[in-house]
Amino acid sequence: MLIWLYVAGLAVSALVVLVSLAGLAPEIRRRVAVMLAPVAALALVIDTALAGWAVSIVQMGHAIPLVPAQWAMLVLAPVVTFLAGVLLVRRREETLRMVALGRDADRERPVA
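Because the structure is predicted, anything quoted here is derived from the model rather than measured. One numbering rule holds for all chains: residues counted from 1, following each sequence as written. Local features in this predicted model are restricted to residues of pLDDT 70 or higher, and side-chain atom pairs are both shown and tallied only at a pLDDT of 80 or more, whereas totals for entire chains, interfaces and linings draw on every residue. Remark: hydrogens and water are excluded; side-chain values derive from all non-hydrogen atoms of the structure.

Caption draft 1: Representation of the nonpolar core. Counting residues in each nonpolar core, the largest one holds five residues, listed as Val45, Leu50, Leu66, Leu74 and Ala77. Setting aside residues no more than four positions away along its own chain, valine 45 makes contact with Leu50, Met73, Leu74 and Ala77. Throughout this description, the term nonpolar core refers to a set of buried Ala, Val, Leu, Ile, Met, Phe, Trp, Tyr and Cys residues connected via side-chain atoms within 4.5 Å. Residue exposure (1.4 Å probe, protein chains only): buried if accessible area is under 20% of the type maximum, exposed if over 50%, otherwise partly exposed. Whether two residues touch is decided by their heavy atoms; if any such pair falls within 4.5 Å, the residues are in contact.

Okay, structure coming up:
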């Protein structure tokens, strides 16, 4: 019973976040998504790439140090995700700006 209350609380919290994000301007929604993407990328890396490592730690009973490639993955995944998101948002907004400029120019000089 208690687990269902916990799940219901998480569902209500997620719904509140989604409704509040839907009320924001598209520019701000894109930026919020870019800021949250590194967290999701890190969670995905930990859940998929390091899942075996976490199980091994529990079964072995002592700490197994991460290898340099795993540390690099943990450090670089959020950074690369954030930089890619920033570049995509900049490109999208530049495209929207150019389209708006083109529409304004068409309104000034109608095509005959």
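And the narrative resumes.
Caption draft 2: The pattern of salt bridges, seen in detail. In what follows, salt bridge is the name for a side-chain nitrogen of Lys or Arg lying within 4 Å of a carboxyl oxygen of Asp or Glu. Going through the model one piece at a time under the given rule, you end up with four salt bridges. The partner of arginine 30 in a salt bridge is glutamate 93, and the shortest N-O contact between them spans 3.9 Å. Placement of arginine 30 in helix H2 (residues 26-48) and of glutamate 93 in helix H4 (residues 68-108) is noted, with a sequence separation of 63 residues between them. A relative accessible area of 21% means that glutamate 93 is categorised as partly exposed. Helical segments are the DSSP runs of H or I of at least four residues, strand segments are the runs of E of at least two, and each set is numbered from the N terminus.

Caption draft 3: Just the packing of H2 against H4, in detail. The angle between two axes is taken between their N-to-C directions and runs from 0 to 180 degrees, where each axis is a line fitted to C-alpha atoms and a helix contributes only its stretch in contact. Remark: H2 packs on H4, axes separated minimally by 9 Å, with the N-to-C direction vectors making an angle of 155 degrees. Considered as vectors, H2 and H4 are oriented roughly antiparallel to each other. Crossing of H2 over H4 shows right-handed handedness. Contact with H2, carried on its side by Glu27, Arg30, Arg31, Val34, Ala37, Pro38, Ala41, Leu42, Val45 and Ile46, involves Met73, Leu74, Ala77, Pro78, Thr81, Phe82, Gly85, Val86, Val89, Arg92, Glu93 and Leu96 of H4 and no other residues of that element. Gly is put with the polar residues, along with every residue not named as nonpolar or charged; the nonpolar set is Ala, Val, Leu, Ile, Met, Phe, Trp, Tyr, Cys and Pro, and the charged set is Asp, Glu, Lys and Arg. Classifying every residue of the contact of H2 with H4 gives 15 nonpolar, two polar and five charged. These descriptions rest on fixed angle ranges, namely under 35 degrees for roughly parallel, over 145 for roughly antiparallel, 65 to 115 for roughly perpendicular, and the rest for oblique. Should the near helix be turned counterclockwise from the far one by less than a right angle, the crossing is left-handed, whereas a clockwise turn marks it as right-handed.

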